[in-house]
Amino acid sequence: MGTVIAVVNQKGGVGKTTTAVNLTAALTELGARVLLCDFDPQANATSGLGVEKRSVVMGAYEMLIDNALPERCIVRTKYGSLIPATSALAGATVELIALDNREYRLKDQLDHLRDAYDYILIDCPPSLELLTVNALCAADSILIPVQCEYYALEGLSDLMATMRAIKKRLNPRLQIFGVLLTMFDGRTNFSNQVAQEVRRHFPGKVFAAAIPRNVRLAEAPSHGLPVLAYDRSSRGAAAYLAVAEEFRRKG
């Protein structure tokens, strides 16, 4: 049975979608069966795997709100399978309020797909509202990208409080899978200090591999490609392959 992992951090700009897309591609390259569920109304993970948002007929919104069969919402790409998102997902939070079993609707759908995949990754929106609550109820564990910058730990206390509340009331199996350092520059004392602080807060949970600041990594989404397909020789590509290998050893 596959593992469901939510890629989550309510702080924007930390490399969450970049991690979801490139980890999906790297794990797929290593031979894993991977499904990425784009659960962010911005739908950047959808375009990041080369799927045109305007071409999506059925995706996360239809699966969540209309009970569309999850198998019918999957788009298969060269870099892994995808449940795409569209801007329609932005209204889902309001619509969920009136629905039965509102916190577990994503879980109920993804449970049907567990046997078909080794990993199901959920790219969460940068907030802690009902879409993210659905993702945390569906997940076995969470992966937290943390940017190596001054405010790196700001907001993580809110995320941890939300996780503890979900674990206590809605999903007792929820764990931290790992913490991934992003936009890391090992040449600066500052990045290294932030990394030390993150490791102190999350002992034993921080990936040994870190994601560097890398121009090719930043350029890849504009071409609708994971960095492995855009520039395989880049430091960003090497970093995500290293993370994927470590990821497989962890789980």
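Further up the page is the structure itself.
For clarity, every value in this text was computed on a predicted model and none was experimentally measured.

Basis of the calculations
- Residues numbered from 1 in each chain as written.
- Predicted model: local features only at pLDDT ≥ 70, side-chain atom pairs only at ≥ 80, totals over all residues.
- Heavy atoms only, no water.
- Axes fitted to C-alpha atoms, helices over the stretch in contact; angles between N-to-C directions.
- Helix = DSSP H or I, 4+ residues; strand = E, 2+ residues; numbered from the N terminus.
- Parallel < 35°, antiparallel > 145°, perpendicular 65-115°, else oblique.
- Contact = heavy atoms within 4.5 Å.
- Nonpolar A, V, L, I, M, F, W, Y, C, P; charged D, E, K, R; others polar.
- Pairing = 2+ DSSP bridges.
- Phe/Tyr/Trp six-rings, centres within 6.5 Å; stacked < 30°, edge-to-face > 60°.
- Buried < 20%, exposed > 50% of the residue type's maximum accessible area, 1.4 Å probe, protein only.
- Lys NZ or Arg CZ within 6 Å of the ring centre and 35° of its normal.

What about the packing of helix α1 (residues 16-29) against helix α11 (residues 235-250)?
When two helices pack together, you describe them by how their axes are tilted relative to each other and by the distance separating the axes.
Point 1. Packing of α1 against α11 leaves a shortest axis separation of 9 Å and a crossing angle of 70°. Considering the angle they form, α1 stands roughly perpendicular to α11. Between α1 and α11, the residues in contact are T18, T19, N22, L23, A26, L27 and E29 and Y240, L241, V243, A244, F247 and R248, respectively.
Point 2. Of the residues belonging to the contact of α1 with α11, the class tally is eight nonpolar, three polar and two charged.

Thoughts on the sheet that holds strand β3 (residues 75-77)
Point 1. Read across the sheet, seven strands follow the order β3-β4-β2-β5-β1-β6-β7 without closing on themselves; strand pairing throughout is mixed. Each edge of the sheet is formed by a strand with only one pairing partner; in this case those strands are β3 and β7 (175-182). In this sheet, neighbouring strand axes are inclined to one another by 25° on average, regardless of whether the strands run parallel or antiparallel.
Point 2. Packing against the sheet, α1 makes contact with β1 (3-7), β2 (34-38), β4 (80-83), β5 (119-123), β6 (141-147) and β7, and its axis sits at approximately 160° to β5.
Point 3. Contacts from helix α8 (residues 189-201) reach β6 and β7, with the element oriented near 175° to β7.

Some remarks on the packing of aromatic side chains
Given two aromatic rings, their pairing is described by the distance between the two centres and the angle made by the two planes.
Point 1. With the rule as written, the count across this model stands at three aromatic pairs.
Point 2. Taking the centre distance of 6.5 Å and the plane angle of 35° together, the rings of F177 and F207 count as tilted. Placement of F177 in strand β7 and of F207 in the loop between α8 and α9 (215-219) is noted, with a sequence separation of 30 residues between them.
Point 3. Ring centres 4.6 Å apart and planes at 40° place the aromatic pair F177 and F247 in the tilted group. Of this pair, F177 sits in strand β7 while F247 sits in helix α11, placing them 70 residues apart in sequence.
Point 4. A residue is classified by how much of its surface remains accessible, and F247, at 0% relative accessible area, is buried.
Point 5. Through successive ring pairs, a cluster of aromatic residues spans Y119, F177, F207 and F247.
Point 6. Between K250 and the ring centre of F207, over which it is positioned, the NZ or CZ distance is 5.0 Å.

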